[in-house]
Amino acid sequence: RYIDGTVLEPGFELDELVSPVLALERYIGATGDRGILSEARVLKGLELIVKRLAAERHPETALYSTFLQPTDDEIVYPYLTYDNVLVWRALLALAELLPERYAGLRAEAELVRAAVYEHCVFDGMFAWSVDLEGRHNVYDEPPGSLQLLPYYGFCSGTDEVWRKTAAHI
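I will try to describe carefully the structure that is included in this document. (Residues numbered from 1 in each chain as written. Predicted model: local features only at pLDDT ≥ 70, side-chain atom pairs only at ≥ 80, totals over all residues. Heavy atoms only, no water.)

**What to know about the sheet that holds strand S5 (residues 136-137)**
Ordered in space as S1-S4-S5, the three strands form an open sheet in which the pairing is antiparallel. Two strands close off the open sheet at either side, each with one partner strand: strand S1 (79-80) and S5. Here strand S4 (residues 129-130) runs beside S5; their pairing, made up of two bridges, is antiparallel. Each bridged residue has a counterpart across the sheet, and for Ser129 the counterpart in S5 is Asn137. (Pairing = 2+ DSSP bridges. Helix = DSSP H or I, 4+ residues; strand = E, 2+ residues; numbered from the N terminus.)

Spelled out as structure tokens, the structure:
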């Protein structure tokens with residue numbers, strides 16, 4: 001908030017919505033503590049995340065919108081490639097961690113991956129953000145760098161689209 005009480009950077013951040021899922025996946029991977037998945041508050045939190053995530057999905061294309069970038073700056077176009085890669089990873093994590101509840105999210109994850117390659121690639125590189133009407137911007141920032149896509153397993157370090165993107169950055 002500003003000193004006068006007005007809200008600073010009001011708006012939704014897609015990366016912040018899915019980050020607890022990614023943190024939970026890493027925690028369980030590091031500790032093997034799957035017991036946390038039976039805690040009511042964890043399950044309730046995951047349900048809230050999935051519900052809010054569904055509200056940000058484009059009605060026809062498996063891309064999810066955001067209002068703010070990972071740096072908390074306003075977006076140019078609503079569909080950030082990096083954020084949608086995080087969504088892809090979170091959907092896969094939910095399907096793997098709680099298959100009895102979220103097995104169907106694996107198919108949605110693959111739709112997101114296909115949508116990123118279909119709508120977020122221009123001139124052989126990943127765009128920073130797109131509007132699904134043909135406009136895009138080329139940009140990168142450390143908190144949500146497109147260079148991290150192989151780290152999340154979205155593509156390999158030999159993927160030609162990623163290599164061209166990384167070379168441009």
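**Quick word on the pattern of salt bridges**
Counted under the stated rule, the structure contains 10 salt bridges. For Glu25, the salt bridge identified is with Arg89, shortest N-O distance 2.5 Å. Placement of Glu25 in helix H1 (residues 14-31) and of Arg89 in helix H3 (residues 81-97) is noted, with a sequence separation of 64 residues between them. Taken as a pair, Glu25 and Arg89 share a single burial class, namely buried. Across the pair Asp131 and Arg135 runs a salt bridge, and its minimum N-O distance is 2.7 Å. Among the residues examined, Arg135 registers a relative accessible area of 44% and is labelled partly exposed. Overlapping salt bridges, with partners in common, bring together Glu25, Arg89, Glu96 and Arg106 in one network. (Salt bridge = Lys/Arg side-chain N within 4 Å of Asp/Glu carboxyl O. Buried < 20%, exposed > 50% of the residue type's maximum accessible area, 1.4 Å probe, protein only.)

**Observations concerning the side chain of Asp83**
Locating Asp83 in the fold gives a position in helix H3. Buried and without a salt bridge, Asp83 has Arg52 as its closest oppositely charged side chain, separated by 11 Å. Those residues in contact with Asp83, other than ones at most four positions away along the chain, are Leu14, Asp15, Thr66, Leu68 and Pro70. (Lys, Arg positive; Asp, Glu negative; His and termini not counted. Contact = heavy atoms within 4.5 Å.)

**Structural notes on the packing of H3 against helix H5 (residues 105-119)**
Contact geometry for H3 and H5: axes closest at 8 Å, N-to-C directions at 160°. Overall, the two elements H3 and H5 adopt an arrangement that is roughly antiparallel. Seen along the crossing, H3 lies across H5 with a hand that is left-handed. Contacts from Thr81, Asn84, Val87, Trp88, Leu91, Leu92, Leu94, Ala95 and Glu96 in H3 reach Leu105, Arg106, Glu108, Ala109, Glu110, Val112, Arg113 and Val116 in H5. When grouped by side-chain class, the residues that make up the contact of H3 with H5 number 10 nonpolar, two polar and five charged. (Axes fitted to C-alpha atoms, helices over the stretch in contact; angles between N-to-C directions. Parallel < 35°, antiparallel > 145°, perpendicular 65-115°, else oblique. Left-handed = near helix turned anticlockwise from the far one by under 90°. Nonpolar A, V, L, I, M, F, W, Y, C, P; charged D, E, K, R; others polar.)

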